[in-house]
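Below, each chain spelled out in residue letters.
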Amino acid sequence: MIPSDPQKVTGICFDHVDVPNQNSLAVARKNGAYAFLPTVLKEFDADKIIDEVKTSGLRGRGGAGFPTGLKWSFVPRNTGKPTYLLCNADEGEPGTFKDRDIMRFDPHLLIEGMIMAGFALDVKDAYIYIRGEFLHEANVMNEAIREAYAANLLGENILGTDYSMDLTVHRGAGAYICGEETALIESLEGRPGRPRFKPPFPAVEGFYGCPTVVNNVETLATVPAILEHGGAWHAAIGVPNNTGFKIFSVSGHVNKPGNYEVPMGTTMRTLIEDYCGGLQHGTVPKAIIPGGSSSAWLMAEHYDVPLTFDDLIKAGSMLGSGAIIVMDETADLVALTRRLAHFYAHESCGQCTPCREGTGWLERVMNRVETGHGCEADLKVLKEASEHMAGRTICALADGAAAPILSLLEHFPDELRSRMAQSHQEEQSA
Amino acid sequence: MSAVEQALPQFSSKRLEEIKTLIARYPHSRSALLPVLHMAQEDFEYLSMDVQKLVAKTLGLHLMAVREVVTFYTMFREKPCGTYLLEVCTNAGCMLNGADELVRHLCDTLEIKVGGTTPDGLFTVTEVECAGACAGAPVVQINNAYHEKVDAAHMDVFITEARGQGGKK
């Protein structure tokens, strides 16, 4: 059970993630799952739920950090159209692997959060859009949903109330872009995942033109605790404007990579040294990707940055989905950047010219530089191409593609140049 | 019915029931396209043009609507692959923990290139994008199952055992 004293809370989404068989309804219920749901369905109404979530300060855990309560309040009521709730479980940002653990270890937490969100938004049909590769996780979710239906927690007249909601797991099929919410909607409509122009925003015109809310797994899994303990309780955890806990997926050159759920405002150093057992080599990271591969890199000078949405923006980057990739002194950053350039070129949906062409340019030039065939003019091409991509497309994929290139150019120009010099020497001696 | 249509592969009646149930979960049947393609790939191993025609017919879609989805998503295959599909994640987290060396080891051991299939039809090796399991880097998906913290020795054992089973999964 999560303590009602905010000072004593040790975790929200991961509170029961280590409990054996927590994925079964019986075990989850022993640990408090669905205990507060009848109160919400019988005594709360939409306004009360949305107000509590607003008060909680919860910001979307998928990457953008948009206030969840505010997002919900944008949904028009009584439009005569159905409202849809879509859970974004596409989890494809390189470095992110937190939602997977919620779904495979504590699926009922997500289901309960979706019932509560669905009730607040008067949703009859909700979907979990899960990346296609997560077949095991989709199977675990489906089994949990089957148990929930059998216990009248889903379907018609949930727990004897007037509220009915269906929940369906929908597998993607391998496309990073489908994590972007309008691409996700396109994909759920049986089309290629190409992001839509906004506005109209999904809250007004989303899935098949109907009001639609898209929330991340971790965001929805936080809702039950907020409604049970109150928005003010959640707002007392973390730091102002960056409240609650956040799961950080830490990978790369740390001794204990993994998911760690810590209060917002914990410093990067504490997370890496106290939780992740420090670096594999050396004492100070060479570079850190703080919020998934699309975020600008942090250098050693930012090692003590508090992990909040606002502090990461101040440091010139972003918190994103909380995917921290740590690189120690052994990392080949030119090779890593080339690999990320390949990723973005492969995953560009191709509808916007700056992204379709630009990601290809970045990949080709980085290939040349990495294999030692680059020249000084290539650095200029990389910089100009990146700057002509960011902010000039429908979605943020192009910005994400530019971020690692610009970080490499800004912080490690010598590594790029030494790669060129090396090859020129080889050519001369050959 | 033309001769060409008669030659199309068919879903089993059990599968057709499943598809019917699935369609009822969505406002429009078109939403069932990705899940039905997953089913078709499971049933027919890969999505040949005939299988794509079958999916189009089953969901009442134009063939092109199916084609553009099949070609957009990397998990859908238009060609057969080996009995064991070894998909190595080589994105950032795995790359920093030896994924490239693992790919080289697999290709050397199996004497194929990335994307290739062994002549006995047992193994295909590909590189894939971030699998979303970076704490377990390097990650290899073998026929949709995640294998984490994989090293060369682990893969050698797997390959030997798979060969011993003579191509039966």
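Rules used throughout
Per chain, the residues get numbers from 1 upward, laid out in the order the sequence is written. Chain letters start at A and ligand numbers start at 1, both assigned in the order the entries are written. Two thresholds apply to this predicted model, a pLDDT of at least 70 for residue-level local features and 80 or more for giving and counting side-chain atom pairs, whereas whole-chain, interface and lining totals are computed over all residues. The side-chain figures draw on all heavy atoms in the structure; neither hydrogens nor water molecules are used. Secondary structure elements are defined from DSSP: runs of H or I of at least 4 residues count as helices, runs of E of at least 2 residues count as strands, and each element is numbered from the N terminus. Only protein chains enter the accessibility calculation, which uses a 1.4 Å probe; a residue whose area is less than 20% of its type maximum is buried, one above 50% is exposed, and one in between is partly exposed. Whether two residues are in contact is decided by their heavy atoms: any pair within 4.5 Å suffices. Charged residues are defined narrowly, with Lys and Arg counted positive, Asp and Glu counted negative, and His plus the chain ends left uncounted. A charged residue contributes its charge at one atom only: NZ of Lys, CZ of Arg, CG of Asp or CD of Glu. The definitions used throughout rest on a 1 Å grid laid over the protein atoms alone, on which a cavity is an enclosed set of points accommodating a 1.4 Å probe that cannot get out and a pocket is an open set flanked by protein within 12 Å on both sides along at least five of seven lines; lining residues are those having an atom within 4 Å of a point. Grid points are joined across faces, edges and corners, and a volume is the space filled by probe spheres set on the points. Any residue that is not Ala, Val, Leu, Ile, Met, Phe, Trp, Tyr, Cys, Pro, Asp, Glu, Lys or Arg is counted as polar, Gly included; the first ten are nonpolar and the last four charged. Here, patches come from residues exposed beyond 30% relative accessible area and free of salt bridges, joined within 9 Å for like charges and within 5 Å for nonpolar side chains (Val, Leu, Ile, Met, Phe, Trp, Tyr). Under the convention used here, a 1.4 Å probe and the Shrake-Rupley method define accessible areas, while residue burial counts only the protein chains that appear. When a carboxyl oxygen of Asp or Glu is within 4 Å of a side-chain nitrogen of Lys or Arg, the pair counts as a salt bridge. One less than the residue count of a helix, multiplied by 1.5 Å, gives the span that helix is expected to have. Of all possible arcs, the one meant is that of the directions from the helix axis to the C-beta atoms. Buried area: the accessible area, evaluated with a 1.4 Å probe, that two parts lose upon being put together, summed over both parts. What qualifies as a polar contact is a pair of N or O atoms within 3.5 Å, subject to a donor-acceptor requirement within protein and to the restriction that residues adjacent in sequence count only when both atoms come from side chains. Here, a strand pair is defined by DSSP locating no fewer than two bridges between the strands. For helices, the fitted axis covers only the stretch in contact; all axes are lines through C-alpha atoms, and the angles between them, taken along N-to-C directions, range from 0 to 180 degrees. Each Phe, Tyr or Trp ring (for Trp, its six-membered ring) is paired with any other whose centre lies within 6.5 Å, and the angle between the two planes then decides the class: stacked below 30 degrees, edge-to-face above 60, tilted in between. Any Lys NZ or Arg CZ that is within 6 Å of a ring centre and within 35 degrees of that ring's normal is treated as a charge sitting over the ring.

(A) Summary view of the overall build of chain B. Each helix and strand in chain B was counted, giving 8 helices and 4 strands. The order of helices and strands in chain B, counted from the N terminus, is α-α-α-α-α-β-α-α-β-β-β-α. For chain B, the spread of C-alpha atoms along the three principal axes comes to 55 × 35 × 25 Å. For chain B, the residues scored as buried account for 50% of the 169 residues in total. Within chain B, residue pairs in contact and separated by at least 24 positions form 59% of the contacts whose partners lie at least 6 positions apart. Averaging the positions of the 16 positive and the 21 negative side-chain charges in chain B gives two centres separated by 7 Å.

(B) Spotlight on empty space enclosed by the protein. All names here are of chain A. Counted by the stated rule, this structure contains 2 cavities of 30 Å³ or more. What lines the largest cavity is I177, P195, S348, C349, G350, Q351, C352, C355, T393, C395 and L397. In terms of residue class, the lining of the largest cavity is built from 7 nonpolar, 4 polar and no charged. Around the second largest cavity, the lining residues are I12, C13, R61, E218, T222, H234, F245 and E261. In terms of residue class, the lining of the second largest cavity is made up of 3 nonpolar, 2 polar and 3 charged.

(C) Expanded view of the environment of D5 of chain A. Residues and elements named next belong to chain A. Within the secondary structure layout, D5 lies in the segment before α1 (25-30). The class for D5 is partly exposed, based on a relative accessible area of 30%. Put simply, D5 and H234 are 229 residues apart on the chain and 10.0 Å apart in space, counted from C-alpha to C-alpha.

(D) Molecular detail of the layout of surface pockets. Residues and elements named next belong to chain A. By volume, the second largest pocket is sized at about 1,300 Å³. Residue lining of the second largest pocket: 44 residues in total, with G62, G63, A64, G179 and E180 positioned closest to the centre. At the level of elements, α4 (68-73), α5 (98-105), β4 (212-216) and α16 (397-411) are the ones that each hand at least two residues to the lining of the second largest pocket.

(E) View of a nonpolar patch on the surface. Residues F66, L70 and F74 of chain A make up a contiguous nonpolar surface patch of about 260 Å² in total accessible area. Position of F66 of chain A among the secondary structure elements: in the loop between α3 (46-56) and α4.

(F) Spotlight on helix α8 (residues 152-164) of chain B. All names here are of chain B. When the terminal C-alpha atoms of α8 are compared, their 18 Å separation across 13 residues agrees well with the 18 Å that a helix rising 1.5 Å per residue should span. Every buried residue of α8 is accounted for by M155, F158, I159 and A162. All buried residues of α8 lie within an arc of 100° about the axis, which places them on one face of the element. Opposite the packed face of α8, turned more than 90 degrees from it, sit the exposed residues T160 and G164. Buried positions along α8 lie against β1 (84-89), α7 (99-110), β2 (123-128) and β3 (140-142).

(G) Quick look at the interface of chain A and chain B. With 58 residues of chain A at the contact, the number on the chain B side is 36 residues. Counting each side, the surface lost to burial between chain A and chain B is near 3,800 Å², with a carbon and sulfur contribution of 56%. For the pair chain A and chain B, the number of links is 2 salt bridges. E129 of chain B is paired through a salt bridge with R339 of chain A; the nearest N and O atoms lie 3.0 Å apart. Taken together, the links from chain A to chain B amount to 22 residue pairs in polar contact (both at pLDDT 80 or more). Contributing elements (two or more residues each) for the side of chain A that touches chain B: β2 (123-130), α7 (135-150), β3 (166-171), α8 (181-188), β7 (245-252), β10 (323-327) and α13 (333-347) of chain A.

(H) Up close: the pairing of β7 of chain A. All names here are of chain A. Burial within β7 is extensive, with 8 of its 8 residues counted as buried. The side-chain alternation of β7 yields two buried faces, one formed by F245, I247, S249 and S251 and the other by K246, F248, V250 and G252. Of the strand pairs in this sheet, β7 and strand β8 (residues 258-263) are connected by 6 bridges, and their pairing is antiparallel. Its bridge partner lying in β8, V250 is registered against G258. Taken together, β7 and the strand that follows it, β8, pair antiparallel across an intervening segment of 5 residues. Looking at chain direction, β7 and β10 are connected through 4 bridges and run parallel. Within β10, the residue paired with S249 across the bridge is A323.

(I) View of the sheet that holds β10 of chain A. All names here are of chain A. Strand order in the open sheet formed by 4 strands is β8-β7-β10-β9, and the pairing between neighbours is mixed. One side of each edge strand has no neighbouring strand; the edge strands of this open sheet are β8 and β9 (287-289). Recorded for the sheet is a direction-independent mean angle of 30° between the axes of neighbouring strands.

(J) Region of interest: the side chain of T182 of chain A. Residue and element names in this part refer to chain A. Assignment of secondary structure puts T182 in helix α8. Judged by relative accessible area, which is 2%, T182 ranks as buried. A distance of 2.9 Å separates a polar side-chain atom of T182 from the backbone nitrogen of R196. Those residues in contact with T182, other than ones at most four positions away along the chain, are R194, P195, R196, K198 and P202.

(K) Summary view of the packing of aromatic side chains. Applying the stated criterion across every chain, the model contains 18 aromatic pairs over all chains. Their ring planes at 50° and their centres at 4.7 Å tell us that F207 of chain A and Y208 of chain A sit as a pair that is tilted. By relative accessible area, F207 of chain A is classed as buried at 0%. Cluster of aromatic residues (ring-pair linked, three or more members): Y84, Y127, F207 and Y208 of chain A together with Y26 of chain B. Stacked on the ring of F134 of chain A, the Lys or Arg R131 of chain A has its end atom at 5.4 Å from the ring centre. The ring of F248 of chain A has K246 of chain A lying over it, and the distance from NZ or CZ to the ring centre is 5.9 Å.

(L) Molecular detail of the pattern of salt bridges. Residue and element names in this part refer to chain A. Evaluated as defined, the whole model comprises 34 salt bridges over all chains. Note that E415 is salt-bridged to K286, the shortest N-O span being 2.7 Å. Residue E415 is found in helix α17 (residues 413-429), and its partner K286 is found in the loop between α11 (268-275) and β9; the two are separated by 129 residues along the sequence.

(M) Region of the structure containing the sheet that holds β3 of chain B. Residues and elements named next belong to chain B. One open sheet accounts for 4 strands, arranged β2-β1-β3-β4; its pairing is mixed. Of all the strands in the sheet, the pair left with one neighbour each is β2 and β4 (145-147). Ignoring which end each strand starts from, the neighbouring axes of this sheet average 25° apart. Both β3 and β4 contribute to a ladder of 3 bridges, which runs antiparallel. Looking across to β4, one finds that Q141 is bridged to Y146. α7 contacts β1, β2 and β3 of the sheet and is inclined by roughly 155° relative to β1.

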